[in-house]
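One-letter residues, chain by chain:
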Amino acid sequence: MSKKVLVVDDSPLVRNLVKKALAGNSEFCVVGEAANGKEAVELAQKLEPDVITLDVTMPVMDGLEAAREILKRNSRVKILLLSAMGDDSLISQAQSLGIKHSLQKPFKAEQLLEALGKVLGA
């Protein structure tokens, strides 16, 4: 059974990269995408994904705020943070929310698949 993935990034380019990376992989099925944290919270509740790729810096509601809300409602969902900056303080804030894995942009398809494997194996 493939894992349901919600792709969240304010950049359509990055969302497409994630979808392309997962397209040929039977382990994952992209069930939705959101362009900001507010949409992510709403979709996460509706679609009940197994894992969310979540951009940190977004308009309306940032990734950490969204993660906090999503995890409050569903503590079983796994989150992979996607960050353009190697911002250690963001990563440590994410860890305090229970998010153990992050991936720095730009990334290659293999790196994304490997990171998602770690997230789901954790």
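Here we summarise the structure given alongside this text. (Residues numbered from 1 in each chain as written. Predicted model: local features only at pLDDT ≥ 70, side-chain atom pairs only at ≥ 80, totals over all residues. Heavy atoms only, no water.)

## Re unusual backbone geometry
Definition in use: Elements are defined by DSSP. Helices are runs of H or I of four residues or more, strands are runs of E of two residues or more, and each kind is numbered from the N terminus.
In this chain, Lys105 is followed by Pro106 through a cis amide linkage whose omega measures -5°. On the secondary structure map, Pro106 appears in the loop between strand E5 (101-104) and helix H5 (109-121). Positioned with a positive phi, Val60 is a non-glycine residue whose angle comes to about 70°. By secondary structure assignment, the location of Val60 is in the loop between strand E3 (51-55) and helix H3 (63-73).

## A word on the pairing of strand E4 (residues 78-83)
So the rule is basically this: Buried means the residue's accessible area, taken with a 1.4 Å probe over protein chains only, is under 20% of the maximum for its type, while exposed means over 50%, and partly exposed covers the values in between. For the handedness criterion, the strands are oriented away from the viewer, and a crossover whose path from the first strand over the helix to the second runs clockwise is classed as right-handed. Strands qualify as paired when DSSP identifies two bridges or more between them.
Of all 6 residues that make up E4, 5 are buried, and the element is covered over most of its length. One crossover worth recording links E3 to the parallel E4 by way of H3, and it is right-handed. As judged from the 4 bridges shared by E4 and E5, these two strands associate in the parallel manner. Within E5, the residue paired with Leu80 across the bridge is His101.

## Overview of the sheet that holds strand E1 (residues 3-8)
So the rule is basically this: Every axis in this analysis is a line fitted to C-alpha atoms, fitted for helices over the stretch in contact. Angles between the N-to-C directions lie between 0 and 180 degrees. A contact between two residues is defined here by any heavy atoms of the two lying within 4.5 Å.
The parallel open sheet is built from 5 strands, whose spatial order is E2-E1-E3-E4-E5. The sheet is open, and its two edges are formed by strand E2 (28-34) and E5, each paired on a single side. Recorded for the sheet is a direction-independent mean angle of 25° between the axes of neighbouring strands. The pairing of E1 with E2 spans 6 bridges and is classified as parallel. The residue of E2 that forms the bridge with Leu6 is Gly32. Sheet strands touched by helix H1 (residues 12-23): E1, E2, E3 and E4. Its angle to E2, the strand with the most contacts, is close to 170°. Packing against the sheet, H5 makes contact with E1, E2, E3, E4 and E5, and its axis sits at approximately 145° to E4.

## Here we look at the side chain of Asn25
Defined as follows: Between N or O atoms, a polar contact is any pair within 3.5 Å; within protein, one atom must be a potential hydrogen donor and the other a potential acceptor, and residues adjacent in sequence are included only when both atoms are from side chains.
When you line up the elements, Asn25 lands in the loop between H1 and E2. Of note is the side chain of Asn25, whose polar atom sits 2.7 Å from the backbone nitrogen of Glu27.

## Here we look at H3
As a reminder, the rule being used: Summarising the geometry, the arc corresponds to the directions from the helix axis toward the C-beta atoms.
Here H3 has its buried residues at Gly63, Leu64, Ala66, Ala67, Ile70 and Leu71. Down the axis of H3, the buried side of the element spans an arc of 155°, and every buried residue falls inside it. At its buried positions, H3 is contacted by helix H2 (37-47), E3, E4 and helix H4 (88-96). One side-chain oxygen at the N-terminal end of H3 lies 3.0 Å from the backbone nitrogen of Leu64; it belongs to Asp62.

## Overview of the nonpolar core
Generally speaking, soluble globular proteins have nonpolar side chains that are buried together. Using the following cut-off: For this analysis, a nonpolar core means a set of buried residues of the types Ala, Val, Leu, Ile, Met, Phe, Trp, Tyr and Cys, connected via side-chain atoms within 4.5 Å.
Val8, Ile52, Leu54, Ile70, Ile79, Leu81 and Ile99 are the most contacted members of the largest nonpolar core, which has 23 residues in total. With 5 residues, H3 is the largest single contributor of residues to this core. When sequence neighbours within four positions are dropped, the list of residues in contact with Ile99 reads Ala67, Leu71, Ile79, Leu81 and Ala94. The next biggest cluster of nonpolar side chains, apart from the first, holds 16 residues, and it includes Leu22, Leu103, Ala115 and Val119.

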